[in-house]
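Residues per chain, in single letters:
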Amino acid sequence: MTNKSPRVVALLIALLAACIAFQLNASMLGPVLITIGRELAADEGAVGFSQTAFFTSAALFSLFLPRLSDMRGRRLVLSVMLAVMTLGTVMAACATSIEMLVAARVIQGVSGPVVPICLLMLRSEIHDNRLYATLMGVVTAVNGGIAGIDAFAGGFIAAHFGFRGVFWTIAVIAAVGTALVAKFAPESKPSAGRRMDWTGVALIVLSLALMLYALNRAADFANFSAAAVFGSVAAGLVAFWLFVKVEKRSAEPLVAVEHLKRRATWSLLLTTTLTMTGVFAVVNGIAMSIAQNPEAGFGLSPDMAALCLLTPYALIGWLFGPFSGRMAPVHGYTFILRLGLLGSIIGVAIVLFAGLSSLAGLVVGIVLLGIAYAGCANILLNGLGVVLSPEEFPGFLPGMNAGAFNLGAGLSFAILPMVQMMFSGADPASTSGYSAAVVTGLVITALALATSFLIPRPVHAED
């Protein structure tokens with residue numbers, strides 16, 4: 001690597017531990033959702049909302065924690081985030097109701113911006129474009145799953161010890177990750193001495209929270225209220241307007257308004273949100289649901305469904321990630337991103353046209369998504385957040401982009417299961433609901449490919 005290789009290796013180990021601890025809260029739970037619903041006597045919508053709560057919380061904390069880490073220290077902030085996540089995981093393991101589990105998942109969401117903070121720490125230590133991009137691929141590939149072991153382990157533990165065993169396992173690993181970061185990760189404070197714009201933080205978090213609340217109320221047909229939905233949207237828009245006003249007048253804003261207007265900012269955030277919304281629940285929700293459905297699907301156990309679907313998805317993404325990272329500075333970040341999005345569209349299409357009637361077709365579609373999304377698009381979207389961020393606000397765009405990742409994941413678990421329930425019909429053996437949900441994911445992923453052409457090339461990070 002360089003004459004700082006031992007330091008880089010130690011940093012890489014610590015960052016991988018942090019990313020693994022965070023990722024387990026998503027990928028390890030994929031095959032466990034059915035078990036959670038059964039053991040807590042909750043329906044599929046309520047269990048899906050626990051996932052939405054986690055990713056919504058992660059999106060909100062991602063808006064400002066990376067910027068705070070620029071000021072207070074990235075190692076310090078990352079260590080505290082992981083410690084809070086560990087406490088939330090213990091609470092989830094002790095949950096006796098779906099409401100308690102939702103509250104625990106919200107606490108776990110504090111860890112939302114783990115990946116961008118890790119990439120910022122990596123970038124501050126490594127300045128060679130190709131080496132950084134390769135290690136970026138190694139770290140970010142964990143975001144798609146830990147070589148498939150986590151998904152299989154989650155299903156196996158759920159089948160033999162229930163969902164609580166899964167959360168206790170995550171808690172132990174999160175505690176280890178916290179200790180490794182605190183010991184081996186070097187501290188960096190590129191914006192030391194500057195003050196946090198907490199007024200701006202409160203307004204932008206309130207704005208996004210109100211918008212997400214409106215979305216969840218709109219998706220709740222049983223308790224739909226037009227006044228609540230449109231009132232929340234209006235309040236969210238007012239909060240965002242106030243945020244812009246405050247940022248214009250602030251001597252040390254959370255983000256300069258001109259940076260919000262940059263094409264590099266809004267095009268990347270839009271593409272990330274659309275990509276996650278289109279793909280995430282197809283893999284971790286719809287595919288796992290039909291695989292375990294005894295009437296409309298294939299009747300697999302949770303651990304067998306994970307072994308057939310999530311394990312190969314994560315393993316191929318984990319292997320392909322460093323290669324995608326290595327190619328980005330050579331062939332262009334945006335070019336490799338578009339290849340990944342195109343492959344993701346093809347993967348979702350295979351799930352739609354072959355995977356709902358054939359287990360083999362479902363496996364092929366999910367494996368292709370492992371290559372195209374987990375091993376390519378996910379890597380490049382995370383990387384672009386770092387290399388396109390303004391120099392004077394290094395944590396701004398990675399944080400906003402992490403929020404977009406988690407927002408998209410939450411939207412995915414809100415929209416696709418909603419569509420599935422709307423079109424499921426009375427016949428329990430019908431796959432019409434699954435088809436409608438996958439079609440929705442396919443359309444949204446195609447929109448993500450279209451918006452990716454608006455993202456400018458980070459020429460300074462390319463050879």
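Please refer to the structure higher up on the page.
Since this is a predicted model, take the numbers as computed values, not measurements.

## Considerations on the overall build of the chain
Each helix and strand counted, the chain has 19 helices and 0 strands in total. Rg of the C-alpha trace for the chain: 21 Å, near the compact-globule value of 23 Å for 463 residues, within the 12% margin. Referenced to the eigenvectors of the C-alpha coordinate spread, the extents of the chain come out at roughly 60 × 50 × 45 Å. For the chain, contacts bridging at least 24 residues in sequence account for 82% of all contacts bridging at least 6. Accessible surface, the chain: about 16800 Å² in total, of which carbon and sulfur atoms supply 70%.

## Things to note about the packing of aromatic side chains
The geometry of an aromatic ring pair is captured by two quantities: the separation of the ring centres and the angle between the planes. Across all of its chains, the model carries 6 aromatic pairs by this definition. Summarising the aromatic geometry, the rings of phenylalanine 163 and phenylalanine 167 are spaced 6.1 Å apart at their centres and angled 90° between planes, so their arrangement reads as edge-to-face. Of the two residues, phenylalanine 163 and phenylalanine 167 both sit in helix α10 (residues 163-184), 4 residues apart, roughly one turn of that helix. Across this residue pair, the class does not change: phenylalanine 163 and phenylalanine 167 are buried. Every member of this aromatic cluster is reached through a ring pair, and the members are Phe61, Phe64 and Trp198. One cation-aromatic arrangement involves lysine 183 over phenylalanine 184; the distance from NZ or CZ to the ring centre is 5.7 Å.

## Some points on helix α4 (residues 65-72)
Most of α4 is tucked away: 7 of the 8 residues are buried. Glycine 73 sits one or two residues past α4 and shows a positive phi near 120°.

## With respect to the environment of serine 27
Within the secondary structure, serine 27 is located in helix α1 (residues 5-27). Judged by relative accessible area, serine 27 falls into the buried class, the value being 6%. Between the alpha carbons of serine 27 and serine 188 there is a distance of 30 Å; along the sequence they are 161 residues apart.

Thresholds, definitions, all that
- Residues numbered from 1 in each chain as written.
- Predicted model: local features only at pLDDT ≥ 70, side-chain atom pairs only at ≥ 80, totals over all residues.
- Heavy atoms only, no water.
- Helix = DSSP H or I, 4+ residues; strand = E, 2+ residues; numbered from the N terminus.
- Rg over C-alpha atoms; globule rule 2.2 N^0.38 Å.
- Contact = heavy atoms within 4.5 Å.
- Areas by Shrake-Rupley, 256 points an atom, 1.4 Å probe, with all protein chains shown as cover.
- Phe/Tyr/Trp six-rings, centres within 6.5 Å; stacked < 30°, edge-to-face > 60°.
- Buried < 20%, exposed > 50% of the residue type's maximum accessible area, 1.4 Å probe, protein only.
- Lys NZ or Arg CZ within 6 Å of the ring centre and 35° of its normal.

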